[in-house]
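# Overview (structure and organization)
Chain by chain, the residues run as shown.
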Amino acid sequence: MYRLGIDVGGTNTDAIILDGLSNVVDSVKTHTTVDIETGIFNAIKSVLKSSKIDPTQITQAMLGTTQATNAIVERKDLAKVGVIRLGYPATASIVPYSEWPTDMITALSGQYELVTGGYEFDGDPISCIDEMQLRKVLQQWRGKVEAIAAVGVFSALNNDQEQLVAKISKEVLGSEVPVSLSSRIGSIGLLPRENATILNAALFKVINRVTTGFSHALFNQGISQADVYLCQNDGTLMSLDFAAKYPILTIGSGPTNSIRGAAYLAKQKNALVLDIGGTTSDLGVLVKGFPRESSKAVTVGGIQTNFRMPDILSIGLGGGSIVHQDANGEVTVGPDSVGYEITDRAICFGGDTITATDIAVKMGQAAIGDPALTTTIDDNLVLKAAAKIKQMLEDAIDKMKTSTGDVDLILVGGGSIIAPETLDGVGHCFTSPIGGVANAIGATIAQIGGQFEKVYQYDTTDRQYALTDATRLAKKQAIAAGAQGDDIEVVEIEEMPLAYAPGDTTRVKVKVIGSLR
């Protein structure tokens, strides 16, 4: 029995096969294609051919993809969304889509309605929900919207009104129009939570195309008996059915796959991870074997959200980054990159563009392409570019460190050949011969994850009951995502008192992991 992991990046699509003991059997790195599915197909075909494994012996297949992120950034293939905010008249001063980029509002239709409902911070209703009003709004949107985002004030305390919106929407618009509930997606804070819910609703067509394409690519290579999963952005997996409900959870999954894969290769649970790709370098932090979660609101495609995201720092430096020199002799590297065209455009491959990889080849750090071709690059330019690359990486490491001392660093990624042998601020650097496919490894070794967040008032709710309740709901989510029910374990419990709310109000967040079902 084997597991197949695929990770689709902006430059490369990687594939890896693990055996039943999680040993790496084979791995390949292929170019990402414009239509994505072709690149996935090529990667699967290549790794099956080189490993000589019978496709019917692959029982699990995992995919990490950036398609949701790309769709938001590029404003492509997004669904028309109707936003129902439960909180009139209390929230009328700031309407949905406030501070959104105009082109994004246009792409999503900009349809919204403020209706009665919502809760105060103590659990009392702001106003009674009006079912007739809801039905009227939804009837008006028939044929105009493809998904619904339901957002209630303080729904983290009580989400029964959001659930009522989902029920009525199914009756009026049919089950083919998905409904995203903010209480299951974002954290506290109305507008960022609303934004995340709208984005989740907008992504259902994108994720459907991704899962369909992955399934077709597997089937066309004879992999017809495998359970299929997508990677979440906390380093865990979810089933395709779960991903269809929460596509926003795939955003940021690429860097987290690299972090998890790096932990596997270096056998470390606490370290900095530097993943250098073809276009960018991503830095993350391993904490107890999982990526550190960002504690601040995250902006995606110009939209501020507050759903969970890994704490990642990305800089425009990769193996394909273009080296520039201005009239004054100053040298810069990136952020523009030749990307997947590196084998056509880089000097060491016979091209005419100086890249960071060419610098590494000329300095003897890497033996790829034809090193003789790099002799045409000016030595002074090479030294300046190498110094710039070193400075950029060291500055990024300093920004992610939580102490002044040297840190352990795990270096992975296909572009890691551009990193110098030593970096200031780094005590020990772990590398691996297969570090170039750490992202695919991370996708393949992941477990099923579940996370639940809710607000409790400890004055009226026993603290232990609240923790038990949140844990139960997190486990329920993990099972829905594809986990076995008998070995789910709690990996993190976070309690955050809300100083502005009475009744010892506390936000409780529980994260669990379990084995694949």
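This section reports on the structure supplied with the text. This is a predicted model, so every value here is computed, not measured.

Conventions adopted
Residues numbered from 1 in each chain as written. Predicted model: local features only at pLDDT ≥ 70, side-chain atom pairs only at ≥ 80, totals over all residues. Heavy atoms only, no water. Core = buried A, V, L, I, M, F, W, Y, C linked by side-chain atoms within 4.5 Å. Buried < 20%, exposed > 50% of the residue type's maximum accessible area, 1.4 Å probe, protein only. Helix = DSSP H or I, 4+ residues; strand = E, 2+ residues; numbered from the N terminus. Contact = heavy atoms within 4.5 Å. Expected span 1.5 Å × (residues − 1). Polar contact = N/O pair within 3.5 Å; in protein donor to acceptor, adjacent residues only side chain to side chain.

### Here we look at the nonpolar core
In this structure, I44 and L108 are the most contacted members of the largest nonpolar core, which totals 81 residues. Among the elements that line this core, the one with the most residues is helix α14 (residues 463-481), at seven residues. I44 has contacts with L4, I6, F214, A217, L218, Q221 and I223, leaving out every residue within four places of it along the chain. In terms of nonpolar packing, the next biggest core, distinct from the first, is built from 39 residues, L274, I347, V361 and I418 among them.

### Considerations on helix α13 (residues 438-445)
Helical geometry: 3.6 residues make up each α-helical turn, so side chains three or four residues apart lie on a common side. Along α13, eight of the eight residues are buried, which leaves the element largely enclosed by surrounding structure. Among the residues of α13, those classed as buried are A438, N439, A440, I441, G442, A443, T444 and I445.

### Focus on unusual backbone geometry
For the bond from Y88 to P89, the omega torsion is 5°, close enough to zero to count as cis. Relative to the elements of secondary structure, P89 occurs in the loop between β5 (81-88) and α3 (102-108). The omega torsion of the bond from G334 to P335 falls at 0°, within 30 degrees of zero and hence cis. Structurally, P335 is set in strand β18 (residues 331-337). The phi dihedral of K52 is positive, around 60°, even though this residue is not glycine. Of note, K52 is situated in the loop between α1 (37-51) and β4 (58-64). Phi is positive for F154, close to 55°, though the residue is something other than glycine. One can find F154 in the loop between β7 (147-152) and α5 (160-173).

### Some details on the side chain of K401
One can find K401 in the loop between α12 (379-400) and β19 (407-412). Setting aside its immediate chain neighbours within four residues, K401 contacts L272, V407 and G425.

### Quick notes on α14
Taking 1.5 Å of rise per residue, 19 residues should cover 27 Å, and α14 covers 27 Å from first to last C-alpha, within 8% of that figure. Residues A466, L467, D469, A470, T471, L473, A474, Q477, A478 and A481 constitute the buried set of α14. Turning to α14, the residues buried within the fold contact β10 (237-239), α8 (240-245), β21 (448-457), β22 (489-497) and β23 (505-514). For α14, the capping residue at the N-terminal end is D462, with a side-chain oxygen 3.1 Å from the backbone nitrogen of Q464. In the segment just after α14, G482 is the residue with positive phi, at about 120°.

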